[in-house]
Amino acid sequence: MTKTGIFTLRKEERICSRTHIRQLFTAGKNLSLAAFPLRMIAATTDRKPGQPAVQMMVSVPKRHLRHAVDRNRAKRQVREAYRRHKDTLTDAMAGKDDKQLLVAFLWIDSRPHDSRNVEAKVENLIRRMAEKI
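Given the structure is predicted, the values throughout are model-derived calculations rather than measurements.

J.: Summarise the overall build of the protein; cite the residues concerned and give the values.
T.: When its secondary structure is counted, the protein shows four helices and four strands. Scanning the protein from its N terminus toward the C terminus, one meets helices and strands in the order α-β-β-β-α-α-β-α. Over its C-alpha atoms, taken along the principal directions, the protein stretches across nearly 40 × 35 × 25 Å. Counting over 133 residues, the protein shows a buried share of 38%. Here the contacts in the protein between residues at least 6 apart in sequence split such that 79% fall between residues at least 24 apart. Accessible surface, the protein: about 7800 Å² in total, of which carbon and sulfur atoms supply 49%.

Dropping the structure here:
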């Protein structure tokens, strides 16, 4: 649980910058982990004052889930699971005041999954990433 006891996912904690997105998906020192049906890509960057230690994004390609309802549900499931378990990554980045972690979750399956399964996979990925950074 976070220090305030409230699980939130604010606008500042989401990746909106094209430069951050480009940095995540270009070759370099990016970490990539998979836990079916998700793949997690992470990169560290310099942190500007006022920015959170960890920023995230979710991508569900139309190629994998054809219906918008399924894509929106998958994104909602991943965001909810991340929101509940993000404190693990935040605690791992606590000692690195000048660095920021950028995280992207990619859906890699062609069918929807139930929320319990998605949450378990997101928690697994977050825990493994916290150990690597």
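J.: Residue-level account of the pairing of strand β1 (residues 31–35), with values.
T.: Relative to strand β2 (residues 38–46), β1 runs antiparallel, the two being bridged by five bridges. In the sheet register, S32 faces β2, and the bridge partner there is I41. Between β1 and β2, which follow one another and run antiparallel, lie two residues.

J.: Describe in detail unusual backbone geometry, supporting the description with residues and values.
T.: With glycine set apart, most residues show a phi of negative sign, and most peptide bonds adopt trans. With an omega of 15°, the peptide bond running from F36 to P37 counts as cis. Structurally, P37 can be placed in the loop between β1 and β2.

J.: Lay out the sheet that holds strand β4 (residues 99–107) with the relevant residues and their values.
T.: Here we have four strands laid out as an open sheet, ordered β1-β2-β4-β3, and mixed in their pairing. Each having just a single partner strand, β1 and β3 (54–59) make up the two edges of the open sheet. Direction aside, the axes of adjacent strands within the sheet are offset by 20° on average. Its contacts with the sheet place helix α2 (residues 68–85) against β2, β3 and β4, and it is angled at close to 160° to β3. Packed onto the sheet, helix α4 (residues 115–132) meets β1, β2 and β4 and runs at close to 150° relative to β1.

J.: Tell me about α2, and please be specific about residues and values.
T.: Across its 18 residues, α2 extends 26 Å between first and last C-alpha, which sits within 8% of the 26 Å expected from 1.5 Å per residue. Along α2, the residues that are buried comprise R71, A74, Q77, V78, A81, Y82 and H85. The buried side chains of α2 occupy one side of the element, clustering within an arc of 125° when seen end-on. At its buried positions, α2 is contacted by β2, β3, α3 (87–92), β4 and α4.

J.: Could you give an account of the pairing of β3, with specific residues and numbers?
T.: Looking along a regular strand, one sees the side chains alternate between the two faces of the sheet. Counting buried positions along β3 yields five of six residues, so the element is predominantly enclosed. Taken together, the six bridges between β3 and β4 define a ladder with parallel strand orientation. Each bridged residue has a counterpart across the sheet, and for M56 the counterpart in β4 is V103.

J.: Describe the pattern of salt bridges, with residues and values.
T.: A pair can form between side chains of opposite charge whenever their charged atoms are brought close. Enumeration according to the criterion identifies seven salt bridges in this entry. Between R10 and E13 there is a salt bridge, with its nearest N and O atoms 3.3 Å apart. The exposure class assigned to R10 is partly exposed, which follows from its relative accessible area of 43%. Taking relative accessible area as the criterion, E13 reaches 6% and is therefore assigned buried. One salt-bridge network, in which partners are shared between bridges, spans R10, E12, E13 and K86.

Definitions and limits used
- Residues numbered from 1 in each chain as written.
- Predicted model: local features only at pLDDT ≥ 70, side-chain atom pairs only at ≥ 80, totals over all residues.
- Heavy atoms only, no water.
- Helix = DSSP H or I, 4+ residues; strand = E, 2+ residues; numbered from the N terminus.
- Buried < 20%, exposed > 50% of the residue type's maximum accessible area, 1.4 Å probe, protein only.
- Contact = heavy atoms within 4.5 Å.
- Areas by Shrake-Rupley, 256 points an atom, 1.4 Å probe, with all protein chains shown as cover.
- Pairing = 2+ DSSP bridges.
- Axes fitted to C-alpha atoms, helices over the stretch in contact; angles between N-to-C directions.
- Expected span 1.5 Å × (residues − 1).
- Arc of directions from axis to C-beta.
- Salt bridge = Lys/Arg side-chain N within 4 Å of Asp/Glu carboxyl O.

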